[in-house]
Amino acid sequence: MVIVPESAIADLIDAEASFEAVEQVFAAMSRRDAYNFPVIREAIGHADALYGFKSGFDRAGLALGLKSGGYWPGNDAKGLTNHQSTVFLFDADTGRPKAIVGGNLLTALRTAAASSVSIKHLARDDAKVLGMVGAGHQSAFQMRAAVRQRNFEKVVGWNFHPEMLSRLADTAAELGLPFEAVDLPELGTQADVIITITSSFDAILQADHITPGTHIACMGTDTKGKQEVAADLLATATVFTDEIAQSITIGEAQHAIAQGRIAEDAIIEIGAVINGTHSGRMSSDEITLFDGTGVGLQDLAVAEKAVTLALERGIAQKVPF
């Protein structure tokens, strides 16, 4: 069995490799060549932690496995990342364990890659201002991935705790872009693309914040009860997602569905746009929204890539099993 430790991931997988892996797996899902199994995600009643499993199987690439992990809000005070994940890969022909891969950085990269894929396929070509809602650890990855897809000239940002906005300002400076801290109405007025990446259980963005032609990537809602945008915003937008089953149960669409604001059959797989079976954005003033729930196949795709590269470069640890 191969072990690729967390410490090796940064030298193996970058934003480009993550983007390619995620875009390919979204396309495979829409072709029904790959599918996810039901998600398990629960509060464990200890350390305020959420813990769960995401798993799936890609018949084309023979990627079989799961990601185990969750969110420990007290980890930051211990010098650890709040999100903790490990990916387990299995041989599709025999079921034997194949690899264990550190999943923390992989999760950050694949989550950012998903929103980046949505920007590539759904945002207006002339998008110039990137809006960021949320300034946690993941926000920097999101911003770096987003700017690869459009010629952004400015970043505007909002966070519930304004003192954390320095992360957005520093990341924008690293990318050579000016940054402005704004309130939510102003963010909606200025931004052509908005990424929400929070752990909120209450709607932050409202429908009247958003101007025509905006693309919104909602990346924080991955658990029952979480919510980043108001249900009526989904009702005014064309809604795309990574997987419809997750979107309506643990994703941003769960609330709009429950309130009868949108119908399940109105939600479109991003993979259909990638494959060319759906045209995606239809006009320059259409509001598009990507509900990025985070699917297990994303984790398997980037983990398989990490294992392949680790073996090629001779840095994988091999243990008998």
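From a predicted model like this one, the values you see are computed outputs, not experimental measurements. (Residues numbered from 1 in each chain as written. Predicted model: local features only at pLDDT ≥ 70, side-chain atom pairs only at ≥ 80, totals over all residues. Heavy atoms only, no water.)

Structural notes on the sheet that holds strand β9 (residues 154-158)
- Judged by pairing direction, the sheet is parallel, and its eight strands sit side by side in the order β10-β9-β8-β11-β12-β15-β13-β14 without closing on themselves. Each edge of the sheet is formed by a strand with only one pairing partner; in this case those strands are β10 (179-181) and β14 (268-269).
- Running over the sheet, helix α3 (residues 104-122) touches β11 (193-196), β12 (215-218), β13 (238-241) and β15 (288-291) and is turned about 160° from β12.
- Sheet contacts for helix α4 (residues 137-146): β8 (129-133), β9 and β11; angle to β8, the most-contacted strand, approximately 165°. (Pairing = 2+ DSSP bridges. Helix = DSSP H or I, 4+ residues; strand = E, 2+ residues; numbered from the N terminus. Contact = heavy atoms within 4.5 Å. Axes fitted to C-alpha atoms, helices over the stretch in contact; angles between N-to-C directions.)

Quick notes on the pairing of β9
- The buried count for β9 comes to four of five residues, which makes it a mostly enclosed element.
- Taking the sense of rotation as the criterion, the β-α-β connection linking β8, α4 and β9 turns out right-handed.
- Handedness of the crossover joining β9 and β10 through helix α5 (residues 166-174): right-handed. (Buried < 20%, exposed > 50% of the residue type's maximum accessible area, 1.4 Å probe, protein only. Right-handed = clockwise from strand over helix to strand, strands pointing away.)

Here we look at the packing of helix α2 (residues 15-30) against helix α11 (residues 296-312)
- Put simply, α2 and α11 touch, their axes get as near as 9 Å, and they point 135° apart. Here α2 is positioned oblique relative to α11, judged by the angle of their axes. Seen from above, α2 lies across α11 with right-handed handedness. In this structure, α2 uses Ala17, Ser18, Ala21, Val22, Val25, Phe26 and Met29 to contact α11, whose residues at the interface are Leu297, Gln298, Ala301, Val302 and Lys305. (Parallel < 35°, antiparallel > 145°, perpendicular 65-115°, else oblique. Left-handed = near helix turned anticlockwise from the far one by under 90°.)

Remarks on the packing of aromatic side chains
- Under the criterion given, the structure shown has five aromatic pairs.
- With a centroid separation of 6.4 Å and 55° between ring planes, the pair formed by Phe26 and Phe290 is classed as tilted. Of the two residues, Phe26 sits in helix α2 while Phe290 sits in strand β15, which places them 264 residues apart along the sequence.
- Using a relative accessible area of 1% as the deciding quantity, one classes Phe26 as buried.
- Taken together, a centroid distance of 5.3 Å and an interplanar angle of 70° make the contact between Tyr51 and Phe53 edge-to-face.
- Three or more aromatic residues joined by ring pairs make a cluster, and in this case those are Tyr35, Phe37 and Phe57.
- Its end group placed over the ring of Phe141, Arg144 keeps NZ or CZ at 5.7 Å from the ring centre. (Phe/Tyr/Trp six-rings, centres within 6.5 Å; stacked < 30°, edge-to-face > 60°. Lys NZ or Arg CZ within 6 Å of the ring centre and 35° of its normal.)

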